[in-house]
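Given next are the chains, with one letter for each unit.
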Amino acid sequence: MFPNRQVNYTYQGLVDASAKFDGVFLNGNTQEDKLKELLVFLSQSSHETTGDGYASGTFDKGLYFVAEGGNNTELLPDYGVSTSGETFQGRGSLQLTYEANYQGAMDGIPGNTYDIVTNPALVGTTPELAFETAIWFWVTAQGNKPSCSDVINGSWIPSANDIEKNRTGDTFFNSFGVITNIINGGIEAGSWDETNSLVINLGNGTATGNTTTVIDGKNAQSINRQQYYNHFVETF
């Protein structure tokens, strides 16, 4: 499924990380619901960490990068710098970014013993953390954003502001696009700020696009992530 994955993304790391969030992650009512959530999680993770560019049609380089910038040694100080000199750039399968999220993950991962606020690079070198941080983000609502898990499992109720921005969750692929919006913010599908009225089509899983911008009113990144999902369903 991930023939070119980076060595710190391991099956056992995913299994161990999932176990820490038992009852919260993959908590759908049926096995089909659980599998759907897992494939959506892996599709979003694949696109976040791809080494294959966007919309390439190959889909075989998910989990290719463990850290933003291509490796865990290139430092990107614009995201903030820890007391040890390590930066809070994207790491792990959903590319955890910024100190507030590292702090939230450190406090929110059950039984965590790693100080990833002082040493954020640990997320890129520790197999379980590469997935634990991602799953923590996946199941945790933050501010005015719902959790990704609630969206894909249908328990999220969109606000009037969400509906105005076409975040309705009324179809599977709209829910998929909402999750993309949660992970990557306003540039993906309209701002979460009620004062910003930007509306972007979240895509229907059939159109194509190869940038992080909007193409013909459609959210290209969300559509590409949906293509990963379709590929996993058809192939595995």
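Conventions adopted
- Residues numbered from 1 in each chain as written.
- Predicted model: local features only at pLDDT ≥ 70, side-chain atom pairs only at ≥ 80, totals over all residues.
- Heavy atoms only, no water.
- Axes fitted to C-alpha atoms, helices over the stretch in contact; angles between N-to-C directions.
- Helix = DSSP H or I, 4+ residues; strand = E, 2+ residues; numbered from the N terminus.
- Parallel < 35°, antiparallel > 145°, perpendicular 65-115°, else oblique.
- Contact = heavy atoms within 4.5 Å.
- Nonpolar A, V, L, I, M, F, W, Y, C, P; charged D, E, K, R; others polar.
- Salt bridge = Lys/Arg side-chain N within 4 Å of Asp/Glu carboxyl O.
- Buried < 20%, exposed > 50% of the residue type's maximum accessible area, 1.4 Å probe, protein only.
- Core = buried A, V, L, I, M, F, W, Y, C linked by side-chain atoms within 4.5 Å.
- Phe/Tyr/Trp six-rings, centres within 6.5 Å; stacked < 30°, edge-to-face > 60°.
- Left-handed = near helix turned anticlockwise from the far one by under 90°.
- pLDDT = per-residue confidence, 0-100.

Undergrad: Describe the packing of helix α3 (residues 99-108) against helix α4 (residues 127-139), naming the residues involved and giving the relevant values.
TA: One can describe the packing of α3 onto α4 by two numbers: an axis separation of 10 Å at closest approach and a directional angle of 95°. It follows that α3 is roughly perpendicular to α4 by the angle criterion. Between α3 and α4, the residues in contact are Asn101, Gly104, Ala105 and Gly108 and Thr133, Trp136 and Phe137, respectively. Per-class residue counts for the contact of α3 with α4 are three nonpolar, four polar and no charged.

Undergrad: Any chance you could break down the pattern of salt bridges for me, citing the residues and the numbers?
TA: For the structure on display, the rule yields two salt bridges. Residue Lys20 pairs with Glu132 through a salt bridge whose shortest N-O separation is 3.2 Å. You can see Lys20 sitting in helix α1 (residues 11-20) and its partner Glu132 sitting in helix α4, a full 112 residues away along the chain. Judged by relative accessible area, which is 1%, Glu132 ranks as buried. Between Arg167 and Asp162 there is a salt bridge, with the nearest N and O atoms lying 3.0 Å from each other. Just as Arg167 is buried, Asp162 falls in that class too.

Undergrad: Go over the nonpolar core with me, naming the residues and quoting the values.
TA: Membership of the largest hydrophobic core comes to 45 residues, with the highest contact counts inside it found for Phe41, Trp138 and Ile179. Listed by contribution, the elements that provide at least two residues to this core are α1, α2 (31-48), α3, α4, α5 (148-153), α7 (172-184) and α9 (220-235). A per-element tally of this core places α4 first, with nine residues. The contact partners of Ile179, leaving out residues within four places of it in the chain, are Val40, Gln44, Trp138, Cys148, Val151 and Ile152.

Undergrad: Please give an account of the environment of Leu38 that cites residues and values.
TA: For Leu38, the location among the structural elements is in helix α2. Accessibility expressed as a relative area gives 23% for Leu38, which makes it partly exposed. Separated by 111 residues in sequence, Leu38 and Ser149 place their C-alpha atoms 9.9 Å apart.

Undergrad: Which residues make up the packing of aromatic side chains, and what are the values?
TA: Per the counting criterion, the structure on display carries 14 aromatic pairs. Relative to Phe137, the ring of Trp136 lies with its centre 6.5 Å away and its plane at 65°, an arrangement referred to as edge-to-face. As far as burial versus exposure is concerned, Trp136 and Phe137 are alike and both buried. With centroids separated by 6.0 Å and ring planes inclined at 75°, the aromatic side chains of Phe172 and Phe176 adopt a geometry described as edge-to-face. Here Phe172 pairs with Phe176, and both are found in helix α7, just four residues apart, close to one helical turn. By relative accessible area, Phe172 is classed as partly exposed at 23%. Residue classification places Phe176 among the buried residues on the basis of a relative accessible area of 0%.

Undergrad: An account of the packing of α2 against α7 is requested, with residue identities and associated values reported.
TA: Between α2 and α7, whose axes approach to 11 Å, the crossing angle comes to 45°. The angle between α2 and α7 falls in the class oblique. Of the two possible hands of crossing, α2 and α7 adopt the one that is right-handed. For the pair α2 and α7, contact is made by Lys36, Val40, Ser43, Gln44 and Glu48 and by Phe172, Phe176, Ile179, Thr180, Ile183 and Asn184, respectively. Residue composition of the contact of α2 with α7, by class: five nonpolar, four polar and two charged.

Undergrad: I'd like to hear about the environment of Gly169, residue by residue, with values.
TA: Within the secondary structure, Gly169 sits in the loop between α6 (160-164) and α7. Those residues in contact with Gly169, other than ones at most four positions away along the chain, are Trp156, Asn174 and Ser175.

Undergrad: Please set out the confidence of the model for the protein chain residue by residue, giving values where relevant.
TA: Mean pLDDT over the protein chain stands at 84; residues scoring 70 or higher make up 81%. Considering only residues more than four positions removed or in separate chains, one finds that residues 204-217, a stretch of pLDDT under 50, has 29 contacts.

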